[in-house]
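# Architecture and fold: a report
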Amino acid sequence: MSCIRGRGNRDTEQALARLFHQNGITGWRRHLPIFGRPDFVFPKQRLAIFVDGCFWHRCPRHSSIPVNNRDFWRRKLEGNVQRDRLVTKTLKLEGWRVIRLWEHQLKPATRGRCLLRIRRLLPGV
């Protein structure tokens, strides 16, 4: 468990930032202090993007609960999922559009789909 980082997902966030740069996507800011602390925010378009780690946010494809201290981890990870739902719902009620990307979606084979998904919500960018 010592290899699993508890704060930030820098490599994955940097991969998305590189994708923005390589494709001329501008107007984004990182870690603006809005509810839920999205990883990327397009303030003018009111678009919040979260890059969720597969372990910490219970990716349906890649998540597994550690064998040691199973009850603790089940509660902890389920709490993260519930918080994600609350954040998404609250932001939408406040007029934001929300995209949640899994870290595995930013791998070279699938990042093109992420880019298309983001571009659809960013007309003229």
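Residues numbered from 1 in each chain as written. Predicted model: local features only at pLDDT ≥ 70, side-chain atom pairs only at ≥ 80, totals over all residues. Heavy atoms only, no water.

A word on the environment of Arg 111. Along the chain, Arg 111 falls in helix α3 (residues 111–120). Judged by its relative accessible area of 25%, Arg 111 falls in the partly exposed class. Taking the C-alpha atoms as reference points, Arg 111 and Ala 15, 96 residues apart in sequence, are found 9.4 Å from one another. Residues in contact with Arg 111, not counting those within four places in the same chain, are Leu 19, Gln 105 and Leu 106. (Helix = DSSP H or I, 4+ residues; strand = E, 2+ residues; numbered from the N terminus. Buried < 20%, exposed > 50% of the residue type's maximum accessible area, 1.4 Å probe, protein only. Contact = heavy atoms within 4.5 Å.)

With that out of the way, let us pick up the pairing of strand β3 (residues 47–52). Burial within β3 is extensive, with 6 of its 6 residues counted as buried. Side chains Leu 47, Ile 49 and Val 51 of β3 all project onto a buried face; the interleaved residues Ala 48, Phe 50 and Asp 52 project onto the opposite face, where all are buried too. Bridge count for strand β2 (residues 40–42) against β3 is 3 bridges, and the pairing is antiparallel. Each bridged residue has a counterpart across the sheet, and for Phe 40 the counterpart in β3 is Ile 49. As judged from the 6 bridges shared by β3 and strand β4 (residues 97–102), these two strands associate in the parallel manner. Following the sheet pairing, Ile 49 is matched in β4 by Ile 99. Between the parallel pair β3 and β4, the chain is carried across by helix α2 (residues 70–93), and the sense of this crossover is right-handed. (Pairing = 2+ DSSP bridges. Right-handed = clockwise from strand over helix to strand, strands pointing away.)

With that out of the way, let us pick up the layout of surface pockets. Empty space within the second largest pocket amounts to approximately 160 Å³. Lining the second largest pocket, in full, are Asp 52, His 57, Arg 58, Val 81, Asp 84, Arg 85, Arg 100, Leu 101, Trp 102 and Gln 105. When residues of the lining of the second largest pocket are traced back to their parent elements, those giving at least two are α2 and β4. Split into classes, the residues belonging to the lining of the second largest pocket amount to 3 nonpolar, 2 polar and 5 charged. (1 Å grid on protein atoms, 1.4 Å probe; cavity = no way out; pocket = protein on both sides within 12 Å on 5 of 7 lines; lining within 4 Å. Points joined across faces, edges and corners; volume = space filled by probe spheres on them. Nonpolar A, V, L, I, M, F, W, Y, C, P; charged D, E, K, R; others polar.)

This next bit is on α2. Along its 24 residues, α2 runs 35 Å from first to last C-alpha, staying within 8% of the 34 Å computed at 1.5 Å per residue. When α2 is considered as a whole, its buried residues turn out to be Trp 73, Leu 77, Asn 80, Val 81, Asp 84, Val 87, Thr 88 and Leu 91. Looking one or two residues beyond α2, the residue adopting positive phi is Gly 95, at roughly 90°. (Expected span 1.5 Å × (residues − 1).)

Of note, His 31 is a non-glycine position whose phi angle comes to about 55°, a positive value. When you line up the elements, His 31 lands in the loop between β1 (29–30) and β2. According to the relative accessible area criterion, His 31 is partly exposed, its value standing at 32%.

This paragraph deals with α3. Residues Cys 114, Leu 115 and Ile 118 constitute the buried set of α3. Around the axis of α3, the buried residues are gathered within 100° of arc, so they sit on the same side. For α3, exposure combined with an orientation more than 90 degrees from the buried face picks out Arg 113, Leu 116 and Arg 120. Where α3 is buried, its residues meet α1 (10–22), β3 and β4. (Arc of directions from axis to C-beta.)

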